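If you want the building blocks of each chain, they are given just below.
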Amino acid sequence: MAKLEHPVEVMALRVTGMGLVVALAAMLWDKATAQSGCTTVLIGMALCLDYITGSSSSPSASCCSQLANIVQSQLLCL
């Protein structure tokens, strides 16, 4: 590997590295923001707890409706 001694080369690598760090931080921030919105969506799935826990042999109509809404609008939350 060649040794970098020219100040312009060193500066270019630093700028490139900083750009990659900023891009990664932006992607992680976007993902975290999307996931925080999922909390409310998942709480809405409480309508299905009787079915999930086995207290009911079939899901209620409200459970199915809520799940259908999530599949259509918030699929990433599932």
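Residues numbered from 1 in each chain as written. Predicted model: local features only at pLDDT ≥ 70, side-chain atom pairs only at ≥ 80, totals over all residues. Heavy atoms only, no water.

Trainee: Help me understand the overall build of the chain in this model?
Mentor: Regarding its fold elements, the chain presents three helices and zero strands. Reading the secondary structure of the chain in the N-to-C direction produces α-α-α. For the chain, with 78 residues in total, the buried portion stands at 10%. (Helix = DSSP H or I, 4+ residues; strand = E, 2+ residues; numbered from the N terminus. Buried < 20%, exposed > 50% of the residue type's maximum accessible area, 1.4 Å probe, protein only.)

Trainee: Is there a simple way to explain the state of the cysteines in this structure?
Mentor: One way to say it: the disulfide is the covalent bond shared by the sulfur atoms of two cysteines. Tallied over the full model, the rule gives two disulfides. Bridging Cys38 to Cys77, the disulfide has an S-S length of 2.0 Å. Here Cys38 and Cys77 share a disulfide; its torsion about the S-S bond, -80 degrees, makes the bridge left-handed. Highlighted residues: Cys38 in helix α1 (residues 7-44) and Cys77 in the segment after α3 (61-73), separated in sequence by 39 residues. (Disulfide = S-S within 2.5 Å.)

Trainee: Before we go on, may I ask you to explain the nonpolar core in this structure?
Mentor: Burial of nonpolar side chains together is a common tendency in soluble globular proteins. One finds Cys38, Val41, Met45, Cys48, Cys63, Ile70 and Cys77 forming the largest nonpolar core, which totals seven residues. Of all the elements in the fold, those that place two or more residues in this core are α1 and α3. Beyond its immediate sequence surroundings of up to four residues, Ile70 is in contact with Val41, Met45, Leu75 and Leu78. (Core = buried A, V, L, I, M, F, W, Y, C linked by side-chain atoms within 4.5 Å. Contact = heavy atoms within 4.5 Å.)

Trainee: Would you take a moment to explain the confidence of the model for the chain for this structure?
Mentor: It should be kept in mind that the predicted coordinates are not to be read in detail where pLDDT is low. When pLDDT is averaged across the chain, the result is 75; 54% of the residues are at 70 or more. Of all the helices and strands in the chain, α1 carries the lowest mean pLDDT, 64, while α3 carries the highest, 93. (pLDDT = per-residue confidence, 0-100.)

Trainee: Help me out: how do you make sense of the environment of Leu76 in this one?
Mentor: Topologically, Leu76 is positioned in the segment after α3. Through-space distance from the C-alpha of Leu76 to that of Cys38 is 8.2 Å; in sequence the pair is 38 residues apart.

Trainee: Just to check I follow, could you spell out a nonpolar patch on the surface for this structure?
Mentor: A grouping of Leu42, Leu67, Val71, Leu75 and Leu78 is seen on the molecular surface, where their side chains present a nonpolar patch of about 450 Å² in accessible area. Here Leu78 is to be found in the segment after α3. (Patch = residues over 30% accessible without salt bridge, like charges linked within 9 Å, V, L, I, M, F, W, Y side chains within 5 Å. Areas by Shrake-Rupley, 256 points an atom, 1.4 Å probe, with all protein chains shown as cover. Salt bridge = Lys/Arg side-chain N within 4 Å of Asp/Glu carboxyl O.)

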